[in-house]
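# Working through the structure, step by step
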Amino acid sequence: MATLDGERIIVTGASRGLGQSMAERFSEEGARVVLTARDEERLDAVADGLPGESLVAPANVRHADAVDRVVERTVEEFGGIDTLVNNAGVSLLGMQDDRKELTDVTEDEWDTVLEVNLKGVFLFTRATLPHMYEQASGNVVNVSSGLGRHAIGGAGAYVSSKWGLEGLTRVTALEAENRGVTANAIDPGGRVDTDIWAHLPDEEREQILDPDVMDDAAVLLAAQGPDGVTGESKTAEEWEQRLE
Ligand code: NAP
């Protein structure tokens with residue numbers, strides 16, 4: 001039996017990068033995967049390459065109605081949700097070549113980063129938890145960053161969103177305690193060669209981590225039961241050591 005046989009897993013930001021890689025790995029481990037992001041064409045292409053059952057449910061994580069619909073469709077199709085992976089994220093670093101000091105960040109840029117990286121996680125978590133509480137089991141896995149633990153100048157919106165996400169993860173864990181649901185954060189432990197870094201020169205991209213860096217740890221987190229570890233934030237490598 002594969003590690004995640006029959007598990008129902010929602011992956012946000014599944015159209016590319018780390019999300020696509022985790023979704024593929026979950027499917028290889030026997031899970032039924034719900035792929036969500038904005039780009040339906042890319043989601044369909046990812047779904048076509050999966051060995052197992054999946055559901056393509058496009059949504060913008062900034063919009064509550066769209067998020068609620070993804071969760072409703074998941075419950076309609078698969079009867080429940082076992083793991084939610086809040087992975088969708090954007091960075092101003094990826095929107096332009098240079099870092100931007102706070103004095104240069106526009107309101108629109110700030111809103112975009114905070115709404116995708118933090119509000120989107122709140123919306124998906126809010127919609128999913130009632131179903132997990134009802135079945136007294138489930139895992140919420142939030143994709144954070146080293147910049148959720150320390151700060152650099154020129155990435156104020158991203159740093160603020162990921163520090164917020166760290167706090168949201170702990171609140172989720174506290175509220176879900178004794179209801180069979182775990183909530184944890186994971187980060188790749190460094191820069192990963194995804195579209196976020198598309199502006200870097202090829203030589204530099206070759207030196208950073210591959211998008212499958214979190215797959216093993218994500219499987220371990222999704223395989224956790226109601227008594228699993230909760231309220232912690234670690235790199236993929238640290239999670240592997242903690243859970244294996
Ligand atoms: P990526 O390749 O750029 O993928 C980002 C994903 O988020 C895409 O699937 C994108 O899909 C989705 N997304 C963006 N805006 C969205 C929105 N408004 N609504 C729904 N989905 C949206 O980035 P990645 O590197 O894989 O990043 C994944 C996560 O890892 C992020 O949370 C990021 O902060 C974190 N992370 C990345 C690195 C790194 O070095 N790459 C390091 C640490 C942490 P659509 O465009 O189709 O909507």
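Residues numbered from 1 in each chain as written. Predicted model: local features only at pLDDT ≥ 70, side-chain atom pairs only at ≥ 80, totals over all residues. Heavy atoms only, no water.

Turning our attention to the packing of aromatic side chains. The description of two aromatic rings rests on the distance between their centres and on the angle between their planes. In total, this model carries 0 aromatic pairs according to the counting rule given. For the cation-ring pair, Arg-179 lies above Tyr-133, with the distance from its terminal atom to the ring centre recorded as 4.0 Å. Above the face of the Trp-197 ring, Arg-191 is positioned so that its terminal group lies 5.0 Å from the ring centre. (Phe/Tyr/Trp six-rings, centres within 6.5 Å; stacked < 30°, edge-to-face > 60°. Lys NZ or Arg CZ within 6 Å of the ring centre and 35° of its normal.)

Moving on: the side chain of Ser-145. For Ser-145, the location among the structural elements is in the loop between strand E5 (138–143) and helix H6 (156–176). A distance of 2.9 Å separates a polar atom in the side chain of Ser-145 from the backbone nitrogen of Leu-147. When sequence neighbours within four positions are dropped, the list of residues in contact with Ser-145 reads Tyr-158, Lys-162 and Asp-187. (Helix = DSSP H or I, 4+ residues; strand = E, 2+ residues; numbered from the N terminus. Polar contact = N/O pair within 3.5 Å; in protein donor to acceptor, adjacent residues only side chain to side chain. Contact = heavy atoms within 4.5 Å.)

The sheet built from 7 strands is open, its strands ordered E3-E2-E1-E4-E5-E6-E7 with parallel pairing. On the outer flanks of this sheet lie strand E3 (54–56) and strand E7 (233–235), each paired with one strand and no other. Taken over all neighbouring pairs, the strand axes of this sheet differ in orientation by 20° on average, direction set aside. Across 6 bridges, E5 lies against strand E6 (residues 181–187) in parallel orientation. Residue pairing in the sheet places Asn-139 in a bridge with Thr-182 of E6. Along the sheet, helix H8 (residues 215–222) makes contact with strand E1 (8–12), strand E4 (83–86), E5 and E6, crossing E6 at roughly 170°. (Pairing = 2+ DSSP bridges. Axes fitted to C-alpha atoms, helices over the stretch in contact; angles between N-to-C directions.)

Attention now moves to the pattern of salt bridges. Per the stated rule, a full pass over the model turns up 14 salt bridges. Of the charged contacts, one joins Lys-234 and Glu-232 as a salt bridge, the two residues approaching to 3.2 Å between their closest N and O atoms. Judged by relative accessible area, Glu-232 falls into the partly exposed class, the value being 22%. Between Arg-242 and Glu-232 there is a salt bridge, and its shortest N-O distance comes to 3.0 Å. With Arg-242 in helix H9 (residues 236–243) and Glu-232 in the loop between H8 and E7, this residue pair connects regions lying 10 residues apart in the sequence. Assessed through its relative accessible area of 41%, Arg-242 is described here as partly exposed. (Salt bridge = Lys/Arg side-chain N within 4 Å of Asp/Glu carboxyl O. Buried < 20%, exposed > 50% of the residue type's maximum accessible area, 1.4 Å probe, protein only.)

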